[in-house]
Amino acid sequence: AVFASARKGNTIVKRVWSGNKQPFLELYKGTITNEGELIDIHGFSPQINTRYHESNAVFTNDLKQVYFTGDNLKGNRVVRSSQGVVNLQLYTANVDADGQWTNIQKLPFNSDEFNTGHPALNSDETKLYFISDRPESLGSTDVFVVDINADGSFGPVNNLGPNINTTGKELFPFIDNHNVLYFSSDGFEEGLGGLDIYATKIDQQGGSVAAIHLDEPVNSSADDFGLVYGDNISKGYFSSNRDGGIGDDDIYFIEAQKPLKFEFN
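Remember, it's a predicted structure, so these values are computed and weren't measured experimentally.

Participant: What should I look at first to understand the confidence of the model for the protein in this one?
Facilitator: Regions with low pLDDT should not have their predicted coordinates read in detail. Summary statistics for the protein give a mean pLDDT of 89 and a share of 93% for residues scoring 70 or more. Here residues 9–20 is modelled with pLDDT under 50, and outside its nearest four sequence neighbours on either side it reaches 31 contacts, counting other chains as well.

Encoded structure:
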């Protein structure tokens, strides 16, 4: 398993989903036990991790390509917007024959002027979902999607629309093997407080049904976000800063008890 943590260092950065000052995140990897615990944790990659911010990694099915979020860098220096802000960018990298990550590149639809991050791949790797506060956003940050063409190029950027995006923040998309898209938002009336986790079904034409709010104990009065499942979609993980945690944002194990039910028109 690969996850982001601020367990090292004390450099401060603005966290895009809350506006609060938090330490830079870095990518780590660990082994998942049969009980779902993460053990043997260490840094993910010296080629990808920098002294700046990296988070939200997602891999192709063959594990040879990764998409991840990072600060806007050129070489070892940050790149600022016209307003003096260092925005988040989406990167990709490939693994070489020695198992090292190489060919690290920014994706072409990034911009110095707005944030682009939180990547998620659908099961056949033809679509990349992500969040951004680009000008066509309905709110603070929205969920967008691009087609991944057979030659590796990308199609136009599309906003997922008002079934998913609100005037608030939408963040941390994840799409499972059944085209159910999970994301976090603070913009729906059903929310219990802070960011809550929602789900919607994506159809073959790229449309979606009205998002549903996940029940307690997944959601709480605190921030709840970053839900991911493995191949077995009944078991997964999410993050929360609810009471009872060890640190600020903690990772929690989740086991689904019943299937989600969506209303289709």
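Still more to cover.
Participant: Would you mind showing me how to read the sheet that holds strand 15 (residues 158–159) here?
Facilitator: Two pairing modes exist for strands in a sheet, parallel and antiparallel, and in both the strands are linked by backbone hydrogen bonds. Overall, antiparallel pairing links the 4 strands, which are arranged 12-13-14-15 in an open sheet. Looking at the sheet topology across the chains shown, the edges are occupied by strand 12 (116–121) and strand 15. In this structure, strand 13 (residues 127–132) lies alongside strand 14 (residues 142–147), joined through 6 bridges in antiparallel fashion. Of the residues in strand 14, the one forming a bridge with Leu-128 is Val-146.

Participant: Looking at this structure, I do not really get the nonpolar core. What am I missing?
Facilitator: When a protein is soluble and globular, its nonpolar side chains tend to lie buried together. Tyr-129, Val-143, Leu-160, Ile-164, Leu-181, Phe-183 and Ile-202 are the most contacted members of the largest nonpolar core, which totals 18 residues. Those elements that provide at least two residues to this core are strand 13, strand 14, strand 16 (170–175) and strand 17 (180–185). With 3 residues, strand 16 is the single largest residue contributor to this core. Membership of the second largest hydrophobic core comes to 13 residues, among which are Ile-197, Val-209, Val-218 and Ile-254.

Participant: What is the right way to read the pairing of strand 12 from this model?
Facilitator: Walk down a regular strand and you will see the side chains alternate between the two sheet faces. Counted residue by residue, strand 12 has 6 buried out of 6 residues, so it is predominantly covered. Inspection of the sheet shows strand 12 paired to strand 13 by 4 bridges, in the antiparallel sense. Looking at strand 13, one finds that Leu-121 is bridged to Leu-128. Turn length for the strand 12-strand 13 hairpin, with the two strands adjacent in sequence and antiparallel, is 5 residues, and the turn residue Glu-125 shows positive phi of about 60°.

About the criteria used
Residues numbered from 1 in each chain as written. Predicted model: local features only at pLDDT ≥ 70, side-chain atom pairs only at ≥ 80, totals over all residues. Heavy atoms only, no water. pLDDT = per-residue confidence, 0-100. Contact = heavy atoms within 4.5 Å. Pairing = 2+ DSSP bridges. Helix = DSSP H or I, 4+ residues; strand = E, 2+ residues; numbered from the N terminus. Core = buried A, V, L, I, M, F, W, Y, C linked by side-chain atoms within 4.5 Å. Buried < 20%, exposed > 50% of the residue type's maximum accessible area, 1.4 Å probe, protein only.

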